[in-house]
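Remarks on the overall topology
Here is what each chain is made of, one letter per residue.
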Amino acid sequence: MESRTIGADEIAEALGMSRAYAYKLIRRLNKEMEERGCITVPGMNLNLPRFR
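Fair warning: this is a prediction, and the values are worked out from it, not measured in the lab.

In this structure, Asn-30 sits in helix α2 (residues 19-35). Discounting chain neighbours no more than four positions away, the residues touching Asn-30 are Thr-40 and Val-41.

Dropping the structure here:
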């Protein structure tokens, strides 16, 4: 089964940013999702459809 998540390394490479900034971006997007009532798990992955 294909993974539906993307990690900080893949985000950093795709967007041309540092790995540290990619983690910061993931935290920000997780916070936005929590504010909308979604359940998030702290970690290093982001739902791939959300990233696109």
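Our focus in this paragraph is the packing of helix α1 (residues 8-15) against α2. Their axes nearest at 8 Å, the elements α1 and α2 cross at an angle of 110 degrees. When the axes of α1 and α2 are compared, the pair comes out roughly perpendicular. The residues of α2 that touch α1, namely those facing Ala-8, Asp-9, Ile-11, Ala-12 and Leu-15, are Arg-19, Ala-22, Tyr-23, Leu-25 and Ile-26. Residue composition of the contact of α1 with α2, by class: eight nonpolar, no polar and two charged.

Turning our attention to the nonpolar core. One finds Ile-6, Ala-8, Ile-11, Ala-12, Ala-22, Leu-25, Ile-26 and Leu-29 forming the largest nonpolar core, which totals eight residues. Broken down by secondary-structure element, the contributors of at least two residues to this core are α1 and α2. Of all the elements, α2 adds the most residues to this core, at four residues. Not counting residues up to four positions away in its chain, the partners in contact with Ala-22 are Ala-8, Ile-11, Ala-12 and Met-17.

Bringing the side chain of Thr-40 into the picture now. Position of Thr-40 relative to the elements: it lies in the loop between α2 and β2 (45-47). Judged by relative accessible area, which is 15%, Thr-40 ranks as buried. A polar atom in the side chain of Thr-40 sits 2.6 Å from the side chain of Glu-34.

A few words on α2. A rise of 1.5 Å per residue sets the reference length of α2, with its 17 residues, at 24 Å; its end C-alpha atoms lie 25 Å apart and thus fit the reference within 8%. Of all the residues in α2, the buried ones are Ala-22, Leu-25, Ile-26, Leu-29, Asn-30 and Met-33. Along the axis of α2, the buried residues cluster in a sector spanning 135 degrees; they form a single face. Exposed and facing more than 90 degrees away from the buried side of α2 are Ala-20, Arg-27, Arg-28, Lys-31 and Glu-35.

Cut-offs applied
- Residues numbered from 1 in each chain as written.
- Predicted model: local features only at pLDDT ≥ 70, side-chain atom pairs only at ≥ 80, totals over all residues.
- Heavy atoms only, no water.
- Helix = DSSP H or I, 4+ residues; strand = E, 2+ residues; numbered from the N terminus.
- Contact = heavy atoms within 4.5 Å.
- Axes fitted to C-alpha atoms, helices over the stretch in contact; angles between N-to-C directions.
- Parallel < 35°, antiparallel > 145°, perpendicular 65-115°, else oblique.
- Nonpolar A, V, L, I, M, F, W, Y, C, P; charged D, E, K, R; others polar.
- Core = buried A, V, L, I, M, F, W, Y, C linked by side-chain atoms within 4.5 Å.
- Buried < 20%, exposed > 50% of the residue type's maximum accessible area, 1.4 Å probe, protein only.
- Polar contact = N/O pair within 3.5 Å; in protein donor to acceptor, adjacent residues only side chain to side chain.
- Expected span 1.5 Å × (residues − 1).
- Arc of directions from axis to C-beta.

Treat this as a map of the structure, not an account of what it does.
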